[in-house]
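Here are the chains, one letter per residue:
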Amino acid sequence: RRRVPEGAPCIVTLGRQGALLVKVIGEGGERVAGARVLVAAPTLWPARVAETTSEGAVRIGGLDPGFYALRAVHDTRVSPIELGIEVGRGEEKAVELRLSPGVMIVARVVDAVEDDGIARARVTLAEGGLSPFPIEGLSDKHGRVVLGPIARGSASLSARADGFVGKGAVQVDEPPPAEVRVALL
């Protein structure tokens, strides 16, 4: 509450919040220091980001009861997105995320008529078509942008640029092509 008059009662209600105790493990079973751990939920957006310690662990606290999505990224390695991780009131839940080599997606946004690259196009990559952790970037002067890493599997690209009609849901299959072309009108 703001501007509580002097002498007026002000009631503060505290609630116990939960936490995720996350360990990030590499391909060889080693703990990974310096990994970025992303957590998102319908009530937690944009995603919160934390970094693992030298022991490859991080505690993400201050979470309301609910269901969360998690992912870990370290350089070009990435964990699959873990969906539906439930955290109860005051609960501390342990979660282990395993990294594996990720996939980088190269997109080229072009003018559908001229076939010239479109600079500064806003491109979004979403795993499985819809992701709690979309990856965004701007195309260079040749219309190219590199996005990732993402876990192996299907994904989709969408692009928009000033003066052009946006385009969504360009399917990117596994294995991804060397370059995904997105044509805008």
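Not measured: the values here are computed from a predicted model.

Another point: the sheet that holds strand β12 (residues 135-138). Pairing between the strands of a sheet comes from backbone hydrogen bonds, and it takes one of two forms, parallel or antiparallel. Here we have four strands laid out as an open sheet, ordered β12-β11-β14-β15, and antiparallel in their pairing. In this open sheet, the two strands that pair with only one neighbour each are β12 and β15 (167-172). Strand-to-strand, the axes of this sheet are offset by a mean angle of 25°, without reference to chain direction. Sheet topology note: the strand β14 (residues 155-160)/β15 ladder contains four bridges and is antiparallel. If you follow L157 over to β15, its bridge partner there is V170.

In this section: the pairing of β14. For strand β11 (residues 122-127) and β14, the ladder comprises six bridges, and the chain directions are antiparallel. Bridging from a neighbouring strand, L125 pairs with L157 of β14. Following β14, the chain reverses through six residues before pairing antiparallel with β15; G163 in that reversal takes a positive phi of roughly 85°.

Another aspect to go through is the environment of A35. Relative to the assigned elements, A35 resides in the loop between β1 (18-25) and β2 (36-41). Distance in space between the C-alpha atoms of A35 and V73 is 5.6 Å, their sequence separation being 38 residues.

Take the layout of surface pockets next. Of the voids in this model, the largest pocket is the one considered here, and its volume is about 190 Å³. Along the walls of the largest pocket sit 14 residues, with R36, L38, F133, P134 and I135 positioned nearest its centre. Tallying contributions element by element places strand β3 (residues 44-51) first for the lining of the largest pocket, with three residues. In terms of residue class, the lining of the largest pocket is made up of 11 nonpolar, one polar and two charged.

Attention now moves to a nonpolar patch on the surface. On the surface, a cluster of nonpolar side chains totalling about 340 Å² of accessible area is made up of V113, V165 and L185. If you trace the backbone, V113 turns up in the loop between β10 (103-111) and β11. V113 gets classed as exposed once you look at its relative accessible area, which sits at 64%.

Conventions used here
Residues numbered from 1 in each chain as written. Predicted model: local features only at pLDDT ≥ 70, side-chain atom pairs only at ≥ 80, totals over all residues. Heavy atoms only, no water. Pairing = 2+ DSSP bridges. Helix = DSSP H or I, 4+ residues; strand = E, 2+ residues; numbered from the N terminus. Axes fitted to C-alpha atoms, helices over the stretch in contact; angles between N-to-C directions. 1 Å grid on protein atoms, 1.4 Å probe; cavity = no way out; pocket = protein on both sides within 12 Å on 5 of 7 lines; lining within 4 Å. Points joined across faces, edges and corners; volume = space filled by probe spheres on them. Nonpolar A, V, L, I, M, F, W, Y, C, P; charged D, E, K, R; others polar. Patch = residues over 30% accessible without salt bridge, like charges linked within 9 Å, V, L, I, M, F, W, Y side chains within 5 Å. Areas by Shrake-Rupley, 256 points an atom, 1.4 Å probe, with all protein chains shown as cover. Salt bridge = Lys/Arg side-chain N within 4 Å of Asp/Glu carboxyl O. Buried < 20%, exposed > 50% of the residue type's maximum accessible area, 1.4 Å probe, protein only.

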